[in-house]
Amino acid sequence: MSVKTRFINTLIDTDELYQTAPCGYFSLSPDGTLIKINQTLLAWLGYTEEEMIGEKFTMLLSRGGQVHFELFFWPLVNVTKTVKELSYEIVRKDGSSLPVLLNATAKMTPGNKIAVVNAAVTDITERKSYELELLKAKKIADSERKRLEFMADLTPEMIWTATASGSVNYVNARFCTYFHCERTDTRAAFILSKVHPGDVRELLGQWQHSLVTGNILQKDVRLMNRSGYYEWHAVKAALFVDEKGGGTNWFGSCSNIEEHMDQLRKKDEFISIASHELKTPVTSLKAILQVLDRIKDENASPALAGLITKANRSILKVHTLIDDLLNASQMKDGELEFNKTRINLSELIGDCVHHVRIDKRYEIVTSGDTSLTVLADEGRIEQVLTNLITNAIKYAPESLVIAVHFEQHSENVRVEVRDQGPGIPADRIPHLFERYYQVNTSGSTYSGLGLGLFICSEIIKRHGGRIGVESTEGTGSTFWFTLPV
Ligand code: ADP
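Residues numbered from 1 in each chain as written. Predicted model: local features only at pLDDT ≥ 70, side-chain atom pairs only at ≥ 80, totals over all residues. Heavy atoms only, no water.

S.K.: Could you give an account of the site of the ligand, naming the residues involved and the relevant values?
M.R.: Looking at the ligand, there are 19 residues lining it, with Asn 391, Tyr 395, Asp 419, Gly 450 and Leu 453 nearest. In the model, an oxygen atom of the ligand is placed 3.1 Å from a nitrogen or oxygen of the Leu 449 main chain. Taking Leu 451, its main chain carries an N or O atom lying 3.4 Å from an oxygen atom of the ligand. When the ligand is considered free in solution it has 550 Å² of accessible area, and contact with the protein chains removes 95% of it. Looking at the shell around the ligand, the elements that each hand over two or more residues are helix 13 (378-395), helix 14 (452-462) and strand 17 (476-484). The leading source of residues in the shell around the ligand is helix 13, at 5 residues. (Near = heavy atom within 4 Å. Polar contact = N/O pair within 3.5 Å; in protein donor to acceptor, adjacent residues only side chain to side chain. Areas by Shrake-Rupley, 256 points an atom, 1.4 Å probe, with all protein chains shown as cover. Helix = DSSP H or I, 4+ residues; strand = E, 2+ residues; numbered from the N terminus.)

S.K.: I'd love a proper account of the sheet that holds strand 12 (residues 363-368), names of residues and values included.
M.R.: Spatially, the 5 strands line up as an open sheet ordered 12-14-15-17-16, and their pairing is mixed. Both edges of this open sheet fall to strand 12 and strand 16 (467-472), since each of them pairs with a single strand only. Across this sheet, the average inter-strand angle for adjacent strands is 15°, counted without regard to direction. Sheet topology note: the strand 15 (residues 412-419)/strand 17 ladder contains 8 bridges and is antiparallel. Bridging across to strand 17, Val 417 finds its partner in Phe 479. Lying on the sheet, helix 13 is in contact with strand 12, strand 14 (401-409), strand 15 and strand 17; it crosses strand 17 at an angle near 175°. Along the sheet face, helix 14 touches strand 16 and strand 17 and points at about 25° away from the line of strand 17. (Pairing = 2+ DSSP bridges. Axes fitted to C-alpha atoms, helices over the stretch in contact; angles between N-to-C directions. Contact = heavy atoms within 4.5 Å.)

S.K.: Can you lay out the pattern of salt bridges for me, pointing to particular residues and giving the numbers?
M.R.: Scanning the entire structure with this criterion turns up 22 salt bridges. With its nearest N and O atoms 3.4 Å apart, the salt bridge here joins Glu 144 to Arg 147. Here Glu 144 and its partner Arg 147 are both found in helix 6 (residues 125-154), 3 residues apart, which amounts to about one turn of the helix. Overall, Glu 144 belongs to the partly exposed group, its relative accessible area being 36%. Judged by relative accessible area, which is 51%, Arg 147 ranks as exposed. Here Arg 435 makes a salt bridge to Asp 268, at a shortest N to O gap of 2.9 Å. Here Asp 268 lies in helix 10 (residues 258-299) and Arg 435 lies in the loop between strand 15 and helix 14, a separation of 167 residues in the sequence. The buried category is assigned to Asp 268, whose relative accessible area is 9%. One continuous salt-bridge network, built from bridges that share partners, spans Lys 138, Asp 142, Arg 145 and Glu 149. (Salt bridge = Lys/Arg side-chain N within 4 Å of Asp/Glu carboxyl O. Buried < 20%, exposed > 50% of the residue type's maximum accessible area, 1.4 Å probe, protein only.)

S.K.: Describe the nonpolar core, naming the residues involved and giving the relevant values.
M.R.: Soluble globular proteins tend to bury their nonpolar side chains together. Within the largest apolar cluster, 46 residues are counted, with the highest numbers of intra-cluster contacts made by Leu 385, Val 415 and Phe 481. The element best represented in this core is helix 13, accounting for 7 residues. In this view, Leu 385 contacts Leu 348, Ile 349, Cys 352, Val 404, Val 415, Val 417 and Phe 481; residues no more than four positions away in its chain are not counted. In this structure, Leu 28, Leu 34, Leu 60 and Leu 86 belong to the second largest nonpolar core, which totals 29 residues. (Core = buried A, V, L, I, M, F, W, Y, C linked by side-chain atoms within 4.5 Å.)

S.K.: Can you explain the packing of aromatic side chains? Please cite residues and give values.
M.R.: Aromatic ring pairs are described here by two measures, namely the spacing of the ring centres and the angle between the planes. Here the structure, examined in full by the defined rule, presents 13 aromatic pairs. The interplanar angle of 45° and the centroid separation of 5.2 Å between the aromatic rings of Phe 57 and Phe 69 together place this pair among those described as tilted. Placement of the pair is Phe 57 in the loop between helix 4 (49-52) and helix 5 (63-80) and Phe 69 in helix 5, with a sequence separation of 12 residues. By relative accessible area, Phe 57 is classed as buried at 2%. An aromatic cluster of three or more residues is present, and its members are Phe 26, Phe 57, Phe 69, Phe 73, Trp 74 and Tyr 88. Lys 36 extends its terminal NZ or CZ atom over the ring of Tyr 18, reaching a point 4.7 Å from the ring centre. Between the NZ or CZ atom of Lys 267 and the centre of the ring of Tyr 436, over which it lies, the distance is 4.3 Å. (Phe/Tyr/Trp six-rings, centres within 6.5 Å; stacked < 30°, edge-to-face > 60°. Lys NZ or Arg CZ within 6 Å of the ring centre and 35° of its normal.)

S.K.: Describe the pairing of strand 7 (residues 168-171), with residues and values.
M.R.: As paired elements, strand 6 (residues 158-163) and strand 7 share 3 bridges and run antiparallel to each other. Bridged to Ala 162 within strand 7 is Val 168. Here strand 6 folds back onto strand 7 in antiparallel fashion, the turn holding 4 residues, of which Gly 166 has a positive phi close to 105°.

S.K.: I'd like to hear about the sheet that holds strand 5 (residues 114-123), residue by residue, with values.
M.R.: Spatially, 2-1-5-4-3 is the arrangement adopted by the 5 strands of the open sheet, whose pairing is antiparallel. Looking along the sheet, the strands with just one partner apiece sit at the ends: strand 2 (34-37) and strand 3 (82-91). Sheet twist, expressed as the mean angle between neighbouring strand axes with direction ignored, is 25°. Strand direction decides the pairing type here: strand 1 (residues 24-28) and strand 2, joined by 3 bridges, are antiparallel. Following the sheet pairing, Leu 28 is matched in strand 2 by Leu 34. Helix 5 contacts strand 1, strand 3, strand 4 (97-108) and strand 5 of the sheet and is inclined by roughly 160° relative to strand 3. Lying on the sheet, helix 6 is in contact with strand 3, strand 4 and strand 5; it crosses strand 4 at an angle near 130°.

S.K.: Talk me through the environment of Asn 256; I want residue IDs and the actual numbers.
M.R.: Within the secondary structure, Asn 256 sits in strand 10 (residues 247-256). Overall, Asn 256 belongs to the partly exposed group, its relative accessible area being 38%. Excluding residues within four positions of it along the chain, Asn 256 makes contact with Tyr 178, Glu 231, Trp 232 and His 233.

Structure representation (structure tokens):
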């Protein structure tokens with residue numbers, strides 16, 4: 001040992017360190033008698049050194065603790081010579097108890113017998129109270145979970161939850177009765193086997209998209225009930241975001257909308273029959289009125305001429321409405337046929353604009369590559385364009401300039417109809433292309449059945465294109481569609 005080390009050693013008072021360490025120390029003879037104990041442990045216990053030395057350590061333990069000490073502590077010391085983190089409750093002089101952890105090592109005689117056992121005692125009061133708090137919090141969480149599950153079981157809808165990555169981890173009672181399954185039947189393969197084959201792909205696609213973006217999932221699908229029949233359900237799921245902003249669980253529901261769909265089917269049937277029946281008489285009425293319109297100036301009084309003009313306008317509206325209804329039901333049933341030819345887009349747009357430009361107040365500005373052509377049904381694409389332009393006039397009447405622009409984007413042609421009208425609220429946009437959807441139905445002065453955009457979207461989809469809208473409230477809307485070149 002160097003002089004320097006020896007000098008440093010003289011400065012370290014190991015006995016003081018032993019006595020005042022933040023943990024308790026004691027030593028036992030092989031029969032369990034206390035032969036040394038530090039001040040820290042004495043202070044914790046409330047005994048003096050004289051009261052402790054010569055006593056058995058087990059006097060500090062409860063009856064149960066004593067049994068444990070004999071059954072575990074000593075056998076461990078004898079076999080492995082060390083004891084790690086055994087938990088005991090030590091009884092203080094005043095009768096209160098102190099939760100501790102014991103670590104001990106045995107020192108052996110040259111004949112390999114235990115000479116002495118040195119032990120360290122750690123106070124785990126704080127740890128115990130944390131554990132207690134945790135236990136309490138777990139109990140509260142458990143009872144909260146049970147409360148929610150009780151509520152979920154009462155609702156007539158199917159309720160489920162899934163992990164952030166999309167594995168279903170809870171289903172309510174209704175789910176089990178509907179699918180005739182156990183609560184544990186949450187495997188993706190089982191659930192997907194209950195979805196109508198015609199809906200699986202789109203449902204999975206949208207679910208994947210929601211998992212990536214965190215957006216709400218909303219989709220109507222057919223699910224097979226316990227009797228093997230499919231019924232329509234509205235599936236909805238939203239990501240629950242915790243206070244820290246991290247997504248934790250998906251909460252989902254499946255509401256049975258079979259009755260609603262059935263009513264819709266009946267309504268469709270009625271509309272289809274009624275519009276078929278109305279079409280013929282209205283067409284002949286329209287023809288008669290057109291003839292009257294042509295000869296009105298020759299024979300009729302000015303009052304009659306005025307009435308004929310009004311009747312013509314009204315019959316045109318009725319005719320358009322019936323056309324919309326017929327188109328919509330044919331679209332839905334996939335009955336509409338397309339007669340595709342190569343058409344020049346600029347010319348087609350020119351024709352449309354010419355037809356719609358009834359009111360001289362509106363200026364329709366067109367721009368784009370005049371050589372662009374597409375393979376499409378001329379009449380149907382004209383119908384789409386006419387609809388978008390008349391909508392701009394109808395729903396954005398203050399916007400006196402309507403811009404129609406077309407250009408090629410790689411394999412597609414994109415056509416835009418832009419107005420500077422009131423725009424459309426963002427929450428309405430996802431529904432715009434649904435059947436019978438109208439943004440503002442209260443006291444509306446506009447004619448229409450909410451079918452125009454539905455028909456447009458079906459026509460475009462059946463051409464292999466896409467349709468959409470970008471709109472900002474107060475700024476205007478840009479309706480667009482694409483067609484493959
Ligand atoms: P309709 O056949 O009754 O006119 P559409 O399907 O064409 O219905 O349009 C659906 C809804 O979209 C309308 O109720 C209207 O509120 C809204 N809409 C369509 N075009 C525009 C536009 N250019 N600006 C504002 N709202 C529009």
